[in-house]
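Here is how the chains run, residue by residue.
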Amino acid sequence: MADMRIALRPAVLAAATLTLGLAHPASGQQAPAVPQAQPQQQQPSNAGPKSLLPDVFDSPAPAPAAPADTGPPVYESGAAPAPAPPPLLPPLLAPPVPLPPEPVDPFATQITGRDITVFGPLTPEIGGYGIATFTGSRGTFLSGLANRVTAPIASRWASITLRRALLSESTTPYGIGPGDWVAARASLLLRMGEIDGAKALVDGVPIDRYSPFLYRIAGQTALAAADIGGLCPIAETARMLSRDPLWPLAVGMCAALQGDDATAASIFDALGNDEQSVDRFDLRLAERIATLVGGAGRASNIDWNEAPPLTLFRFGVATAAGVMVPPDALAALGPARFGWLVRAPNLDPEARRAAIGPATVQGSMSAAELAGAIAIDAATPDAAGAAAAPGNADSRGDRLRIASAGTRLGDRLVALRAIWAEGEDPYAGLLESATAAARLSPTAGSAADSAQIIAALLAAGDTVAAARWWPVADDAAAKVRAQAWALLAAGTGTVEVTPSAFRDWRSTSGADDRRAAMLFAALAGLGVTTGSDWDGLRTDLLPRNTNSWSRAIDAAGRARRTGEVTLLAATGLQGPWADVPPLHLHHIVQALVRSGRTTEARLIAAEALTRG
């Protein structure tokens, strides 16, 4: 403190000098002469103490007079006086002194990629839900919901709706980084079997916008797609961020893909000497990739009988290397494998054939893709080199061909019934027949099958074609008519819905209490059961019971937070349809309608009636 006080003294003296200077005469006036000493006079006894300052400071300075406009000032000495000294402190509005530029860190990563705050491949023109899909939602809450979804969910159409929301070009919700939000979206799509969607998200992000979470999900996505080249742009950085043995193996494989056999061999040798970090089977698979691009002589044979359980790495690298994975080992990958298998190259035909049905039911394939895959499979020679014989009514492909383009209506209907009766999952049969059903014209000759045709069309999402069948179904047998009425009441809204019509359907179709509750829940969610006439049915079939999930999805629906509604709907549809309470269906349908997704809500309602 003593040093500080000493340092301040010159400033204080200078300030005093400045203060004194303010009492000097203004420019243009002659400085007063120093007053001569006057004889000391006797002071009155009651006078105060004499000032120690000179007399000139005792009398107040006269107020300055307004200057007269007499032209330029004239100085008696012939020269202008010296300018006043500058103030000690700069004025507040003076421009700041420029600072020297900060040194550039040569090792810092420069962000050059485009901003991903608004990101997604699906625009509204091609089925996206718009830039505000997740606006107003909290990012950490949505990410937590996405991590808790166990795929596949019960409803195919809820899965399709969720996929569209996740892929929509939309703004990152608040409270989460853009890289982590892309990773959360891609991770859920990957678990749903939506490998194409997950890759579209991950591949669209510039590398310098990646977060550590996104590095991990990008690696999983590349392996699920059997795309080893997709690992190469991120392998070196990911190896520094993660201890996962995937990344050193990926660096070695990518060195081989880039023609650097020496580096690849060095990496694989080092990994081979470290028995704790990498499994020997995984190393042999990685060396097989190097063998394919020129590193001959390093890879040994792959014996699946000696292999540990199948992992995502083993599936992806083996598939990319052309090493057939035994079909009975694929179950270790979980239900998401069906969506991966139908897109994977170099796959065993039997494994692909077994995957197309479940993948379509889950929503990873469309009904049109399913029909195309069946037709291609029918024309592909089997292991013995023979394709399916044309005209064989027992052939899956031939039945679909007859149902789609048979010359006689009777033959087409027989083929459709055979498709519906085939397989363990009736819903898969409806999806398989949907393209053929869409080619039928509504005629009285098809009245007996009209309810099943309507169900097939709604399963594929063709609400317009389904509604055209009501005049035919209206004249069908009572039970067929009742089934068609319920499907159209939920799925299209093109039939009259009244309490008496609901009771007629229930009695004529023989619906049990759960099925009646599912239809009433759907209709209530669609907003068509208002009025006192429905009170008795509402009390019997849909007693109200709220919890945190129902309050959350109701609030999201009222606020039109579409993305949040789709995620909450997925969490309410865990497991098979048999485990979904009717009240869950009511809240899901109601929230989707409120958020502007009425068509999706109706398709989920029709699916619940068909499968629930």
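Residues numbered from 1 in each chain as written. Predicted model: local features only at pLDDT ≥ 70, side-chain atom pairs only at ≥ 80, totals over all residues. Heavy atoms only, no water.

## Here's the deal with the overall build of the chain
Stated formally: Here a strand is any run of E in DSSP of at least two residues, a helix any run of H or I of at least four, and the numbering for each starts at the N terminus. Buried means the residue's accessible area, taken with a 1.4 Å probe over protein chains only, is under 20% of the maximum for its type, while exposed means over 50%, and partly exposed covers the values in between. In this description, contact between two residues means that some pair of their heavy atoms is separated by no more than 4.5 Å. Areas reported as accessible are Shrake-Rupley estimates using a 1.4 Å probe. Residue values count occlusion only from the protein chains shown.
Secondary structure assignment for the chain yields 28 helices and two strands. Buried positions account for 43% of the 612 residues belonging to the chain. In the chain, once contacts between residues fewer than 6 apart in sequence are set aside, the share between residues at least 24 apart is 63%. When the accessible area of the chain is evaluated, it comes to approximately 32,100 Å², of which 57% is carbon and sulfur surface.

## Quick notes on the side chain of E607
Note the threshold: Polar contact is defined as a pair of N or O atoms within 3.5 Å, subject to the rule that within protein one atom must be able to donate a hydrogen and the other to accept it, and that residues adjacent in sequence are counted only when both atoms are side-chain atoms.
On the secondary structure map, E607 appears in helix 28 (residues 598–611). E607 gets classed as buried once you look at its relative accessible area, which sits at 2%. In terms of polar contacts, E607 uses its side chain to reach the side chain of W577, at 3.5 Å. Not counting chain neighbours up to four residues away, the residues in contact with E607 comprise A154, S155, R156, W157, Y427, W577 and G612.

## Side note on helix 22 (residues 499–509)
The cut-off we apply is this: To obtain the arc, one takes the directions from the helix axis to the C-beta atoms.
Along helix 22, the residues classified as buried are P499, A501, F502, W505 and S509. Each buried residue of helix 22 sits inside an arc of 165 degrees when the element is viewed along its axis, so together they form one side. If you follow the buried residues of helix 22, they end up packed against helix 21 (478–491), helix 23 (513–526), helix 24 (535–541) and helix 28. The positive-phi residue at the C-terminal boundary of helix 22 is G510, with phi of around 70 degrees.

## Some words on the packing of helix 17 (residues 426–438) against helix 18 (residues 450–459)
Note the cut-off: In this analysis, axes come from line fits to C-alpha atoms, helices being fitted only over the stretch in contact, and the angle between any two N-to-C directions falls in the range 0 to 180 degrees. For classification purposes, angles smaller than 35 degrees are called roughly parallel, those larger than 145 roughly antiparallel, those between 65 and 115 roughly perpendicular, and all remaining angles oblique. Ten residue types, Ala, Val, Leu, Ile, Met, Phe, Trp, Tyr, Cys and Pro, are classed as nonpolar, four, Asp, Glu, Lys and Arg, as charged, and the remainder, Gly among them, as polar.
Here helix 17 crosses helix 18 at 95 degrees, and the two axes come no closer than 7 Å. One finds that helix 17 runs roughly perpendicular with respect to helix 18. Of helix 18, the residues touching helix 17 (which contributes Y427, L430, L431, S433, A434, A437 and A438) are Q452, I453, A455, A456, L457 and A459. Along the lines of polarity and charge, the residues of the contact of helix 17 with helix 18 split into eleven nonpolar, two polar and no charged.

## Comments concerning the environment of V278
Looking at where V278 falls in the secondary structure, it is placed in the loop between helix 9 (261–273) and helix 10 (280–292). Spatially, the C-alpha atom of V278 lies 9.3 Å from that of D244, the residues being 34 residues apart in sequence.

## Quick word on the packing of aromatic side chains
In plain terms, the rule: Two rings from Phe, Tyr or Trp (for Trp, the six-membered ring) form a pair when their centres are within 6.5 Å of each other. A pair whose planes differ by under 30 degrees is stacked, one over 60 is edge-to-face, and the rest are tilted. Should the NZ of a Lys or the CZ of an Arg lie within 6 Å of a ring centre and within 35 degrees of the ring normal, that charge is described as sitting over the ring.
Using the criterion set out here, one finds eight aromatic pairs in the structure. Seen from their ring centres, F502 and W505 are 5.4 Å apart, and the 55 degrees between their planes marks the pair as tilted. In this pair, F502 and W505 are both assigned in helix 22, three residues apart and thus about one turn of the helix distant. The pair formed by F502 and W505 is uniform in burial state, with each residue classed as buried. Aromatic rings pair up to connect F502, W505, F520 and W534 into one cluster. The lysine or arginine in question, R156, covers the ring of W157, its NZ or CZ lying 5.6 Å from the ring centre.

## Considerations on the environment of W340
With respect to the helices and strands, W340 occurs in helix 12 (residues 337–341). Judged by relative accessible area, which is 7%, W340 ranks as buried. Distance in space between the C-alpha atoms of W340 and A226 is 9.2 Å, their sequence separation being 114 residues. In contact with W340, other than residues within four places in its own chain, are L190, G193, I195, A224, L312, F315 and L333.

## Thoughts on a nonpolar patch on the surface
Definition in use: Think of a patch as exposed residues, more than 30% relative accessible area, with no salt bridge, where like charges cluster within 9 Å and nonpolar side chains (Val, Leu, Ile, Met, Phe, Trp, Tyr) cluster within 5 Å. Basic side-chain nitrogens of Lys or Arg form a salt bridge, by our definition, when they fall within 4 Å of a carboxyl oxygen of Asp or Glu.
Side chains of L257, L292 and V293 sit close together on the surface and give an oily, nonpolar patch of about 240 Å² of accessible area. Relative to the elements of secondary structure, L292 occurs in helix 10. For L292, a relative accessible area of 51% gives the class exposed.

## Observations concerning the state of the cysteines
For the record, the criterion: Any cysteine sulfur atom paired with another within 2.5 Å is treated as part of a disulfide.
By the definition in use, this model includes one disulfide. One disulfide in the model links C232 with C254; its S-S distance is 2.2 Å. Negative torsions about the S-S bond denote left-handed disulfides, and the value of about -95 degrees found for C232 with C254 makes this one left-handed. Taken together, the residues C232 in helix 7 (residues 232–241) and C254 in helix 8 (residues 246–257) connect sequence positions 22 residues apart.

## Topic: the pattern of salt bridges
Considering all chains together, one arrives at 20 salt bridges under this definition. In this structure, D227 and K199 form a salt bridge, with 3.0 Å as the shortest nitrogen-oxygen distance. Residue D227 is found in the loop between helix 6 (212–224) and helix 7, and its partner K199 is found in helix 5 (residues 195–203); the two are separated by 28 residues along the sequence. A salt bridge links R399 to E422; the nearest nitrogen and oxygen atoms lie 2.7 Å apart.

## Side note on the nonpolar core
For the record, the criterion: Throughout this description, the term nonpolar core refers to a set of buried Ala, Val, Leu, Ile, Met, Phe, Trp, Tyr and Cys residues connected via side-chain atoms within 4.5 Å.
Counting 179 residues, the largest nonpolar core has F315, W485, F502 and W505 as the members making the most contacts within it. Ranked by residues supplied to this core, first place goes to helix 23 with ten residues.

## Considerations on helix 3 (residues 156–167)
Residues spaced three or four apart along an α-helix point in a common direction, a consequence of the helix completing one turn every 3.6 residues. What counts here: Multiplying 1.5 Å by the helix residue count minus one yields the expected span of that helix.
In this model, helix 3 (twelve residues) spans 17 Å end to end at C-alpha, consistent with the 16 Å of a helix rising 1.5 Å per residue. Taken across its twelve residues, helix 3 has ten buried, putting it largely inside the fold. Among the residues of helix 3, those classed as buried are R156, W157, A158, S159, I160, T161, L162, A165, L166 and L167. At the N-terminal end of helix 3, a side-chain oxygen is found 3.3 Å from the backbone nitrogen of W157, two or three residues along, and the residue is S155.

## A word on the confidence of the model for the chain
Low pLDDT marks regions whose predicted coordinates should not be analysed in detail. Heads up, the rule is: Residue-level confidence of the predictor is summarised by pLDDT, bounded by 0 at the bottom and 100 at the top.
With 78% of its residues at a pLDDT of 70 or more, the chain shows a mean pLDDT of 84. Of the regions scoring below 50 in pLDDT, residues 1–80 engages in 13 contacts with residues more than four places distant in sequence or in other chains. Below a pLDDT of 50 lies the segment residues 383–391, which in the model reaches eleven contacts outside its immediate sequence neighbourhood of four places, other chains included.

## So, the environment of H584
Tracing the chain through its elements places H584 in helix 27 (residues 582–594). Residues contacting H584, with those up to four places away along its chain left out, are W549 and G572. A polar contact of 3.1 Å, which involves the side chain of H584, links it to the backbone oxygen of G572.

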